[in-house]
Amino acid sequence: MMRNTLQIVVGLSILFIFTAITVAANRGPGTIDIYGGSKGKVPFPHAQHQDRLKDCNVCHKVFPQEKEAIKKMKAKGTLKPKKVMNLQCIKCHKAEKKAGNPYGPVKCSTCHKK
Ligand code: HEC
Ligand code: HEC
Ligand code: HEC
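The structure displayed is predicted, hence computed values, not measured ones. Every residue gets a number counted from 1 within its own chain, in the order that chain's sequence is written. Chains carry letters and ligands carry numbers; both start at the beginning, A for chains and 1 for ligands, and go up in the order they are written. Local features in a predicted model are, by the rule used here, given only for residues with pLDDT of at least 70; side-chain atom pairs are given and counted only at 80 or more, and totals for whole chains, interfaces and linings are based on all residues. For side-chain calculations, the full set of non-hydrogen atoms in the structure is used, while hydrogens and water are omitted.

## So, the coordination of the iron atom of ligand 3
Put simply, the test is: Metal coordination here is assigned from N, O and S atoms located within 2.8 Å of the ion, or within 3.2 Å for Na, K and Ca; omission of water means that sites may look incomplete. Here the metal geometry follows the donor angles, with tetrahedral for four donors whose angles all fall between 85 and 135 degrees, square planar for four and octahedral for six when opposite donors are more than 155 degrees apart and every other angle is between 65 and 115, and irregular for all the rest. Each helix is a run of DSSP H or I of at least 4 residues and each strand a run of E of at least 2, with the numbering of both proceeding from the N terminus. Categorising residues by exposure relies on relative accessible area from a 1.4 Å probe, with only protein chains included: less than 20% of the type maximum marks a residue as buried, more than 50% marks it as exposed, and the intermediate range marks it as partly exposed.
For the iron atom of ligand 3, the full set of protein donor atoms is His49 (NE2) and His93 (NE2), at a range of 2.0 Å. Geometry at the iron atom of ligand 3 is octahedral, judged from its six donor atoms and the angles of 86 to 180 degrees they form at the metal. With a gap of 44 residues between them, His49 in helix H2 (residues 46-53) and His93 in helix H5 (residues 83-98) connect regions that are remote in the sequence. On the basis of relative accessibility, which here comes to 12%, the residue His93 falls in the buried class.

## Quick notes on the site of ligand 3
Rules: Near residues are defined by distance, with any heavy atom within 4 Å of the molecule or strand qualifying the residue. Two N or O atoms form a polar contact when they lie within 3.5 Å of each other; inside protein one atom must be a possible hydrogen donor and the other a possible acceptor, and for residues adjacent in sequence the pair counts only when both atoms belong to side chains. All residues other than Ala, Val, Leu, Ile, Met, Phe, Trp, Tyr, Cys, Pro, Asp, Glu, Lys and Arg, Gly among them, are scored as polar; the first ten of these are nonpolar and the last four charged.
His49, Arg52, Cys89, Cys92 and His93 are the nearest of the 17 residues found near ligand 3. Here His49 contributes a side-chain N or O atom positioned 2.8 Å from a nitrogen atom of ligand 3. One of the side-chain N or O atoms of His93 is found 2.8 Å from a nitrogen atom in ligand 3. Within the residue set of the shell around ligand 3, elements represented by two or more residues are strand E2 (42-44), H2 and H5. Of the residues that constitute the shell around ligand 3, the class distribution is eleven nonpolar, five polar and one charged.

## Concerning the side chain of His112
Note the following rule: Any two residues having at least one pair of non-hydrogen atoms within 4.5 Å are treated as being in contact.
Tracing the sequence through the fold places His112 in the segment after helix H6 (108-111). The contact partners of His112, leaving out residues within four places of it in the chain, are Lys39, Val42 and Met85.

## As for the coordination of the iron atom of ligand 1
Summarising the metal site, the iron atom of ligand 1 is bound by the protein donors His46 (NE2) and His60 (NE2), whose distances to it range over 2.0 to 2.1 Å. Classification of the site at the iron atom of ligand 1 rests on its six donor atoms, whose angles at the metal span 87 to 179 degrees, yielding the label octahedral. In this pair, His46 is assigned in helix H2 and His60 in helix H3 (residues 57-60), connecting sequence segments 14 residues apart. Owing to a relative accessible area of 10%, His46 belongs among the buried residues under this scheme.

## Re the site of ligand 2
As a matter of local geometry, ligand 2 sits amid 22 residues, with Lys82, Met85, Cys108, Cys111 and His112 nearest to it. The backbone of Ser38 places a nitrogen or oxygen atom 3.2 Å from an oxygen atom of ligand 2. Interatomic distance of 2.8 Å between a side-chain N/O atom of His112 and a nitrogen atom of ligand 2. Only H5 and H6 provide two or more residues apiece to the shell around ligand 2. Looking at which element gives the most residues to the shell around ligand 2, the answer is H5, with six residues. The class makeup of the residues in the shell around ligand 2 is twelve nonpolar, five polar and five charged.

Written out as structure tokens, the structure is:
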């Protein structure tokens, strides 16, 4: 009886660790074309941001780590257009610029090619 419980606990722990490693390893693509609706696709260097920012949740607290998450949420009405752009992308780039650090684009045409 005790032995079986121990085996189950050990088995589940191993399963949990493997799942955690697999999930942690899925960083998604290094570059992503973000869906920008009427403004076309926005090229986004994902890996570069992951390496610099370390914390995934800086962005993923607002949308899940899924393919086309932003597009899906906008379609469902659970995410307003320009929210990610204004409250994440531009907000952070402007703050970094102000702080005198390397920063990303703040001008419309640098992100939106059309
Ligand atoms: C600076 C913002 C930002 C950070 C930080 C970030 N991501 Fe993302 N991630 C995005 C965006 C934007 C998308 C694209 C969503 C879409 O296409 O709608 C995305 C998509 C993804 C996807 C789905 C990719 C696909 O198309 O299959 C995964 C998986 C993912 N991220 C994992 C991570 C992990 C793990 C981390 C932390 C190590 C991380 N992200 C950090 C912005 C970020
Ligand atoms: C740092 C890059 C960046 C900059 C700078 C930027 N945008 Fe965006 N924009 C995005 C991203 C990413 C999206 C898609 C996510 C969202 O809607 O929040 C977007 C979405 C949009 C949308 C919504 C389209 C739709 O139909 O869903 C409009 C409109 C837009 N941008 C206009 C502008 C204008 C005007 C400016 C200049 C004042 C600007 N953007 C500057 C990245 C940027
Ligand atoms: C929390 C801060 C933060 C957020 C959020 C963020 N960025 Fe950035 N981004 C940076 C910094 C810092 C740099 C400059 C990196 C460097 O020079 O190494 C940068 C650089 C960039 C660059 C230029 C890359 C290059 O090599 O020239 C693009 C394009 C960009 N960001 C797009 C986006 C878009 C689109 C979003 C929103 C989906 C976003 N960023 C969200 C901090 C952020």
